[in-house]
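Residue-level listing of the chains:
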Amino acid sequence: MDSVKFDDALPVFSGEWPGENNFVFHAPITSPVNRKLEPLGPHFLAHARRKRHSRTFSEDDR
Amino acid sequence: MSDSSAEQEAGAVIGIAFGNTTSSIAYTSADGKAELIANEEGDRQIPTVLSYLDSDEFHGGEAKAQLVRNASNTVAYFRDYLGKKYSEIDPTNSHHSAHPIDADGVVSFKVVEKSGEEPSNISIGEITTRHLKRLRDSAADFLGKEVTGAVVTVPTDFTEAQREALVAAAKGANLQILQTIHEPIAEALAYAAKENMQPEDRTILVVDIGGTRSDASVVSARSGMYTILATAHDYETGGVQLDQVLVDHFAQEFIKKHKSDPRENPRALAKLKLESETVKRTLSIAVTASIGVDSLADGFDFHSSINRLRYEIRAQKVFDDIMKLAEQAVQKAELDLVEIDEVILAGGSSHTPKIAQRFRALFPETTPIHAPFTDAAALNPSELAARGAALQAALISEFDVEDIDQSTHPAVTVAPHLSKSIGVVVVGADGSEEFRALLPAQTAVPARRVAAFAAPAEGGDVVVKIVEGVSEIRKTIIEKKEEAVNGEGEVEDESEEEEEEEEEEIKTKHMKVDKLLAEALLKGVEKGQKIEVTIQAAADTSLNIAARIVGTQQGVRGVIAAP
Ligand SMILES: Nc1ncnc2c1ncn2[C@@H]1O[C@H](COP(=O)(O)OP(=O)(O)OP(=O)(O)O)[C@@H](O)[C@H]1O
Ligand SMILES: [Mg+2]
């Protein structure tokens, strides 16, 4: 449902890997802005259900 | 709500679009389709008008017809007065019907309800109650069921006081308002239903062009959730102004022939207005329309006709104002026109071909303009708000009031929205690095997106670069092809500029990498394999990243800390 498919290829890595781990964190995202979601439609209602019952997406999937 | 569950099962919930000019009612059928409901007269577009004559109350089309002979006992254009003090309203639109009066600060209408009796003051709240009661009764008649609740659309600038006044007025009509929702979002939802509520990401411009006002909203739809980025309102542009263009045109013709101005006689003016509106609607589907009014003024009959082009030239200022409003909303959202993915034209005046054409010309060819004239599959713009309300009514029909209140509470609705798009770097066709968005800017968190990518052609070690991307507007100058339309007059207003300009600037939107957030390494990927990347943005705005080679145990996980 929330998946997309791209035909593009990911880049090949060459050179020196910058960390010990295979995952390297560089920087956080730009600070998000608080805005108001319009409370209607099936997808918002699913969001509201997760938020009110403190459920995650995967818990919600089950 | 405890004892009403049995009642609710027997009853129905409906959607109501309550406009200053027209109202409509809709329900969602068992197969999930929203349908408009026709009232006893067969109207799906029900004039928001009540009229009192000989102790009877008339509603809708029958009441509107009385604007000619019984104007002072006919109440029209009142929705925007609701929940306001007398000192706060602009009564301009009521100059030719029962005029609102100040009854201790409360907006009221003085009408003769019972023939032979003194006129009575009906408050705006009471008028609204009576109107909603008629709508509720029409729906109940049509559905053959009690109506237990309604979702009602309101403009985006409706205040909390107005909302409360609406809920109270409905209560007086024994109608429970389950929820009030914003018109442009209801309109977008009506279109989303057409595509089975697919959770697509789009930035939508909704322009609602009604009778007495026009409203433009820039709405971001992300994973099927809607956020209003900006709105703009014009209370002096709409169908009334388009009617006036025709009234003035016909009045001038009448003056030429009979040396008398029909606009100076209230009854003649009212007739001319009604007939001009009919002509205007005809010109939405035909290229010429005729008008015939017996004994319009001074005993003279009036017969004439007008073609669409002439009407469009006369109405140009109104069209210009609508375009200005739309551009203003896009500017307020700090977006470029090319960043709008689709345009929804809503409201009755969106039937007007020239308005749809003007939007078509303003946006790139690839941007869908949903209006009857530019999109054969467009929904009826007059029905969008009611349809959206009916869909929402069906979605929450099983909820109790407390559930609805909790879901619409800021604790649930206010959420962090991403400032920039988050995605992955891929190799473009020409070998350069390109950005692919997984979570576009304005996505509310928590959010989750999964994307599948190809392995490099030769395989090898693969790097998944998680980055932020921003849009970039590129301008390209193209040679303007000679267009042999100058003689036709169709583009009369623009032809001057076009003659001077030999080349045209085309803007396009591109996404480019802005900031590297994290990198993940996947070793020894074989050619032909797929790589799946999952980004989960948590409520605290940290990101969980997972990258794996599809069909293997090999994968990498990591966290991008919150800012
Ligand atoms: N086919 C048509 N062609 C042109 N105009 C039309 C057509 N159908 C309806 N209209 C116009 O649309 C206007 C009514 O718009 P709508 O039904 O959206 O009303 P509304 O939301 O109550 O308006 P508002 O609140 O702005 O007064 C009227 O001016 C009417 O003449
Ligand atoms: Mg409207």
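Placed above this text is the structure.
Please read these numbers as outputs of a predicted model, since none were measured by experiment. (Residues numbered from 1 in each chain as written. Chains lettered and ligands numbered in written order. Predicted model: local features only at pLDDT ≥ 70, side-chain atom pairs only at ≥ 80, totals over all residues. Heavy atoms only, no water.)

Caption draft 1: A look at the overall build of chain B. Per the secondary structure count, chain B includes 14 helices and 28 strands. Over its C-alpha atoms, taken along the principal directions, chain B stretches across nearly 95 × 70 × 40 Å. Here chain B holds 563 residues, and the buried ones make up 52% of them. The contacts in chain B between residues at least 6 apart in sequence include a share of 64% that link residues at least 24 apart. Counting every atom, chain B has about 25,000 Å² of accessible surface; 47% of that belongs to carbon and sulfur. Averaging the locations of the 57 positively and 93 negatively charged side chains of chain B gives two centres separated by 1 Å. (Helix = DSSP H or I, 4+ residues; strand = E, 2+ residues; numbered from the N terminus. Buried < 20%, exposed > 50% of the residue type's maximum accessible area, 1.4 Å probe, protein only. Contact = heavy atoms within 4.5 Å. Areas by Shrake-Rupley, 256 points an atom, 1.4 Å probe, with all protein chains shown as cover. Lys, Arg positive; Asp, Glu negative; His and termini not counted. Charge placed at Lys NZ, Arg CZ, Asp CG, Glu CD.)

Caption draft 2: Focus on empty space enclosed by the protein. Residues and elements named next belong to chain B. Counting across every chain of the model gives two cavities of 30 Å³ or more. Estimates place the volume of the largest cavity at around 210 Å³. The wall of the largest cavity is formed by 17 residues, among which Ala188, Ala192, Gln198, Arg202 and Tyr226 lie closest to the centre. For the lining of the largest cavity, the secondary-structure elements that each account for two or more residues are α5 (183–194), β13 (202–209) and β18 (342–346). The element that contributes the greatest number of residues to the lining of the largest cavity is α5, accounting for four residues. (1 Å grid on protein atoms, 1.4 Å probe; cavity = no way out; pocket = protein on both sides within 12 Å on 5 of 7 lines; lining within 4 Å. Points joined across faces, edges and corners; volume = space filled by probe spheres on them.)

Caption draft 3: Quick look at the environment of Phe57 of chain A. With respect to the secondary-structure elements, Phe57 of chain A resides in helix α2 (residues 57–61). When its relative accessible area of 13% is taken as the criterion, Phe57 of chain A is described as buried. Phe57 of chain A sits 10 residues away from His47 of chain A along the chain, and the two C-alpha atoms are 9.0 Å apart. Discounting chain neighbours no more than four positions away, the residues touching Phe57 of chain A are Arg50 of chain A together with Pro446, Ala447, Arg448 and Gln536 of chain B.

Caption draft 4: Fine view of the interface of chain B and chain A. Counting residues at the interface gives 82 residues for chain B, matched by 46 residues for chain A. Of the roughly 6,000 Å² buried at the junction of chain B and chain A (both faces included), carbon and sulfur atoms supply 62%. At the surface where chain B touches chain A, the tally comes to two salt bridges. Asp8 of chain A is the salt-bridge partner of Arg436 of chain B, the closest N and O atoms lying 3.0 Å from each other. Applying the counting rule to chain B against chain A returns 31 residue pairs in polar contact (both at pLDDT 80 or more). Sort the elements by how many residues they give to the side of chain B that touches chain A and strand β23 (residues 447–454) of chain B lands first, with eight residues. Of the residues contributing to the side of chain B that touches chain A, the split by class is 53 nonpolar, 18 polar and 11 charged. Where strand β1 (residues 3–9) of chain A and β23 of chain B come together, four bridges link them in parallel fashion. (Buried area = accessible area lost by both parts, 1.4 Å probe. Salt bridge = Lys/Arg side-chain N within 4 Å of Asp/Glu carboxyl O. Polar contact = N/O pair within 3.5 Å; in protein donor to acceptor, adjacent residues only side chain to side chain. Nonpolar A, V, L, I, M, F, W, Y, C, P; charged D, E, K, R; others polar. Pairing = 2+ DSSP bridges.)

Caption draft 5: Quick look at the packing of helix α3 (residues 124–143) of chain B against helix α4 (residues 160–172) of chain B. All names here are of chain B. For the pair α3 and α4, the least separation of the axes is 8 Å and the interaxial angle reads 55°. For the element pair α3 / α4, the angle class is oblique. As for the relative orientation of α3 and α4, their crossing is right-handed in sense. Across from Gly125, Thr128, Thr129 and Leu132 in α3, the residues of α4 making contact are Leu166, Ala169, Ala170 and Gly172. Within the contact of α3 with α4, the residues separate by chemical class into four nonpolar, four polar and no charged. (Axes fitted to C-alpha atoms, helices over the stretch in contact; angles between N-to-C directions. Parallel < 35°, antiparallel > 145°, perpendicular 65-115°, else oblique. Left-handed = near helix turned anticlockwise from the far one by under 90°.)

Caption draft 6: Seen up close, the sheet that holds strand β6 (residues 56–59) of chain B. All names here are of chain B. Spatially, the three strands line up as an open sheet ordered β6-β5-β7, and their pairing is antiparallel. Strands at the two margins of the open sheet, each flanked by one partner only, are β6 and β7 (74–76). Neighbour-to-neighbour, the strand axes of the sheet open up by a mean angle of 15°, direction not taken into account. Here strand β5 (residues 49–53) runs beside β6; their pairing, made up of four bridges, is antiparallel.

Caption draft 7: Examining the nonpolar core more closely. Residue and element names in this part refer to chain B. Counting residues in each nonpolar core, the largest one holds 48 residues, and the members touching the most others are Leu205, Val207, Leu345 and Phe359. With eight residues, the top contributor of residues to this core is helix α9 (residues 316–332). Counting residues in hydrophobic clusters, the runner-up holds 42 residues, among them Ala221, Tyr226, Ile344 and Ala389. (Core = buried A, V, L, I, M, F, W, Y, C linked by side-chain atoms within 4.5 Å.)

Caption draft 8: Here's a closer look at the packing of aromatic side chains. By the definition in use, this model includes nine aromatic pairs over all chains. Ring geometry for Phe6 of chain A against Phe453 of chain B: centres 5.2 Å apart, planes inclined by 15°, an arrangement best described as stacked. Of this pair, Phe6 of chain A sits in strand β1 while Phe453 of chain B sits in strand β23, on two different chains. Residues Phe6 of chain A and Phe453 of chain B agree in their burial class; the two are buried. (Phe/Tyr/Trp six-rings, centres within 6.5 Å; stacked < 30°, edge-to-face > 60°.)

Caption draft 9: Geometry of the side chain of Glu38 of chain A. Within the secondary structure layout, Glu38 of chain A lies in the loop between β3 (33–36) and α1 (42–52). For the buried Glu38 of chain A, which has no salt bridge, the nearest side chain bearing the opposite charge is Lys36 of chain A, at an N-O separation of 4.4 Å. One polar contact links Glu38 of chain A to His182 of chain B, side chain to side chain, over a distance of 2.7 Å.

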